Amino acid sequence: MALKLNEKFLKDFISENEMRAIEPQAMNACATVVGHSGPGADFLGWLDLPVAYDKDEFARVKAAAERIRKMCDVLVVIGIGGSYLGARAAIEFVTSPLYNTLAKDTPQIYFTGNSISASAMHDLLEICRGKDICVNVVSKSGTTTEPAVAFRIFRGLLEKKYGVDGARERIFATTDKARGTLKEFSDAMGYETFVVPDDIGGRYSVLTSVGLLPIACAGIDVDAMMRGAADARERFLSAPFAENDCLRYAAIRNILLRKGKVTEILAAYEPAAQMLSEWWKQLYGESEGKDNRGLFPASVVFSTDLHSLGQYIQQGLRNQFETVLDIRTSPVSVSVPDDPANMDGLNFLSGSDLHDINRTAMLGTLFAHTDGSVPNAVIEIDDRSAYTFGTLVYFFELACAVSGYMLGVNPFDQPGVEAYKKNMFALLGKPGYEEKRAALEARMG
C-alpha cells in the first residue's frame, strides 16, 4: 500500500485506552457511511466511484484530453472551489508547481473563475495573447458568479479569435447531466459536455470528470490514479480498526479536538503539496465547519514556514496539532557540492542528497514540536505518483466523512457558503434582492 499512518509521535498525547474507547464510534460512523444511513447520504457517490465510474465517459475524457493537447498551447480551466482545487492539486503534486514553465509536450494549464480579481484576469489574458487556447468550464449550474463571469470573458475571446464555429471545438463544459443553465447553453452551442455527478459534491469530485479532464491534459496517468483510489477503497472499507489507518486518523482527529486541539495543521515538506493542502482545507473546512463545531484546517510548507509560523507552532497557544505528509522518495536527486573553502561551514553536507536532508529536517521538527507539546500524526506515502495521489484522495475523503459523522454534523452540505452570495447579489443590484439591499445599506449607514 502506498500510504501508512505513523502514530509514534502521538504516544505522549493519546493513550491506547483512548483509542479503544473511541473505536466503536469510528466503526459506527464508517457503517453509517457505507450504509448510506446518515445525513447527506445522497452525496456518497464518491464512495464506490473508483470501481463504479462511468467507463464510457472516462474514455471520452481521455480522448478529449488528447485533442486538447494537440490543438492548444494553453488550457484555461474555469471553476471555483471543488471545481478546480482537486485538478490543480493533482497537476502540481504529480508534476511540479512549476508545471507551466517547464519544458513539456502538454499545454500550459491555468485556473481562473476562482476570484473576481481584475488584475488576475488581466494578467491571464495577457498570458493567452497570441496563443492557441482551449477552455474547460466547470460548473454544475453555470450561474455561480466567479466562474460565470470568467466564462463570459473567455467565451468572447475564443469567439472573436476563432469564430463561433471554431470556438465550439475548443470549449468543453463539465456540468449537470441533464439540467441547468450551463448544460442548456452548452447543448444549444454544441459544446462537448462532461458530467458533474448528482451524488458527488464539488469537494469530493476530483476523481470525476471535474478533475480528470484537466489532469489528463497534463499528461498524467488517470488510469493509475483510479487504481490507487480503488486499492485504498478496498483496504479502508474492510480492514479492522487496529489496522485501518483511515479510521484511526478520523479517530485521532476527534480525540485531539475533545482535548482542546481545535486547529489541525497539514504540514508538507514539498512545495508540490501546497495546492493539495488547499484542496484538503476545503474538504475538511466545508465538511466539518458547521453548527459551531469542527477543527479549523490550516496548512504549512516546511522548511519554508519553519522560519515564520514555526515559531508559533513551537511556542504559541497549545490548541493545535499537526498532520505531517511524509513523501518518502523523490523522483530526482540533487546533491550538495563540496566547497574547498567551506565558507558556509556546510562541508559536512557535501555529497548529501537534498531529499535526504529535507527528511532529516522533518525528523528534527517532529521531535522539536512534540517536545513543545504539539501532537503529530504522520502520513507516510511512497512517492508523488498518480497512483499515490489517488490513494491519498480516497484516504482523506473517507476519513473526512467518518470524522464528520463522529463529530455529529452532515459532512456533505455547506449551508454557510450561501450567506456571502446573497449579500453580494443584493449589493450588486440583482433583481429579487431589493429588500435585502435596503437592509444592508441601512447597516452601512
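Computed from a prediction, not measured in an experiment: that's the story for all the values here.

Caption draft 1: Here's a closer look at the environment of Leu-317. Considering the arrangement of structural elements, one finds Leu-317 in the loop between α12 (309-315) and β9 (320-327). In this structure the C-alpha to C-alpha distance between Leu-317 and Lys-261, which are 56 residues apart in sequence, comes to 9.7 Å.

Caption draft 2: Expanded view of the pattern of salt bridges. Under the counting rule described, the total for this entry stands at 27 salt bridges. In this structure, the salt-bridge partner of Lys-140 is Asp-176, at a minimum N-O distance of 2.8 Å. Of this pair, Lys-140 sits in the loop between β4 (133-138) and α6 (145-168) while Asp-176 is found in the loop between β5 (171-175) and α7 (181-189), placing the two residues 36 residues apart along the sequence. Classification of Lys-140 by relative accessible area gives partly exposed; the value is 33%.

Caption draft 3: Local environment of the nonpolar core. Among the nonpolar cores identified, the biggest contains 102 residues, and Trp-46, Trp-279 and Phe-396 are the most heavily contacted of them. When near neighbours in sequence (up to four residues on either side) are disregarded, Trp-279 contacts Leu-85, Gly-86, Ala-89, Arg-203, Val-206, Val-393, Phe-396 and Glu-397.

Caption draft 4: Spotlight on the packing of aromatic side chains. Evaluation of the coordinates by the stated rule reveals 21 aromatic pairs. Plain terms: the ring middles of Tyr-249 and Tyr-284 are 6.5 Å apart, the flat faces sit at 75 degrees to each other, and that makes the pair edge-to-face. Pair noted here: Tyr-249 is in helix α10 (residues 245-258) and Tyr-284 is in helix α11 (residues 274-288), with a separation of 35 residues, a long-range link. The pair Tyr-249 / Tyr-284 is uniform in exposure class, with both members buried. Between Tyr-405 and Phe-412 the ring centres are 6.1 Å apart and the planes differ by 75 degrees, which places this aromatic pair in the edge-to-face class. Classification of Tyr-405 by relative accessible area gives buried; the value is 13%. On the accessibility criterion, Phe-412 (6% relative accessible area) is buried. Following the ring pairs from residue to residue traces out a cluster consisting of Phe-236, Tyr-249, Trp-279, Trp-280, Tyr-284, Phe-395 and Phe-396. The side chain of Lys-104 reaches across the aromatic face of Tyr-99, ending 4.8 Å from its centre. In this structure, Lys-430 is placed above the aromatic ring of Phe-425, and the distance from its NZ or CZ to the ring centre is 4.1 Å.

Caption draft 5: Representation of the packing of helix α3 (residues 55-71) against helix α8 (residues 209-217) within the structure. Between α3 and α8, whose axes approach to 8 Å, the crossing angle comes to 35 degrees. As α3 runs across α8, the sense of the crossing is right-handed. In this structure, α3 uses Glu-57, Phe-58, Val-61, Ala-64, Ala-65, Ile-68 and Arg-69 to contact α8, whose residues at the interface are Ser-209, Leu-212, Leu-213, Ala-216 and Cys-217. Class assignment of the residues belonging to the contact of α3 with α8 gives a composition of nine nonpolar, one polar and two charged.

Caption draft 6: Local environment of the sheet that holds strand β7 (residues 263-268). Taken in spatial order, the five strands line up as β1-β10-β9-β7-β8 in an open sheet, and their pairing is mixed. The sheet is open, and its two borders are formed by β1 (3-6) and β8 (296-301), each paired with just one other strand. Going across the sheet, the axis of each strand differs from the next one's by a mean of 20 degrees, ignoring polarity. When β1 meets strand β10 (residues 376-381), the two strands line up antiparallel, connected through four bridges.

Caption draft 7: Main features of the environment of Val-417. Of note, Val-417 is situated in the loop between α14 (386-407) and α15 (418-428). A relative accessible area of 27% places Val-417 in the partly exposed class. With 131 residues separating them in the primary sequence, Val-417 and Glu-286 have C-alpha atoms 8.4 Å apart.

Caption draft 8: Looking closely at unusual backbone geometry. Phe-302 connects to Ser-303 through a cis peptide bond whose omega is 5 degrees. Relative to the helices and strands, Ser-303 is located in the loop between β8 and α12. If you check the backbone angles, His-36 has positive phi at about 55 degrees while not being a glycine. Turning to its location among the elements, His-36 is positioned in the loop between α1 (16-34) and α2 (49-52). Phi at Asn-342 is positive, roughly 50 degrees, even though this residue is not glycine. Examined against the element boundaries, Asn-342 turns out to sit in the loop between β9 and α13 (354-371). Classification of Asn-342 by relative accessible area gives partly exposed; the value is 30%.

Caption draft 9: Molecular detail of the sheet that holds strand β6 (residues 192-195). Reading across from one edge, β3-β2-β4-β5-β6 is the order of the five strands in this open sheet, with parallel pairing throughout. Two strands lie at the open edges of the sheet, namely β3 (108-112) and β6, each paired on one side alone. Neighbour-to-neighbour, the strand axes of this sheet turn through a mean angle of 20 degrees, independent of strand direction. Sheet strands in contact with α6 are β2 (74-78), β3, β4 and β5, and its direction is about 140 degrees off that of β4. Where α7 meets the sheet, it contacts β4, β5 and β6, and its direction lies at approximately 145 degrees from that of β5.

Caption draft 10: Up close: the state of the cysteines. All chains considered together, the criterion is met by zero disulfides. Cys-134 takes part in no disulfide bond, and the closest cysteine sulfur to it belongs to Cys-72, at a distance of 3.7 Å. For Cys-134, a relative accessible area of 0% gives the class buried. A disulfide-free cysteine, Cys-246 has its sulfur positioned 7.5 Å from the sulfur of Cys-30, the nearest such atom.

The rules behind these values
Residues numbered from 1 in each chain as written. Predicted model: local features only at pLDDT ≥ 70, side-chain atom pairs only at ≥ 80, totals over all residues. Heavy atoms only, no water. Helix = DSSP H or I, 4+ residues; strand = E, 2+ residues; numbered from the N terminus. Salt bridge = Lys/Arg side-chain N within 4 Å of Asp/Glu carboxyl O. Buried < 20%, exposed > 50% of the residue type's maximum accessible area, 1.4 Å probe, protein only. Core = buried A, V, L, I, M, F, W, Y, C linked by side-chain atoms within 4.5 Å. Contact = heavy atoms within 4.5 Å. Phe/Tyr/Trp six-rings, centres within 6.5 Å; stacked < 30°, edge-to-face > 60°. Lys NZ or Arg CZ within 6 Å of the ring centre and 35° of its normal. Axes fitted to C-alpha atoms, helices over the stretch in contact; angles between N-to-C directions. Left-handed = near helix turned anticlockwise from the far one by under 90°. Nonpolar A, V, L, I, M, F, W, Y, C, P; charged D, E, K, R; others polar. Pairing = 2+ DSSP bridges. Disulfide = S-S within 2.5 Å.

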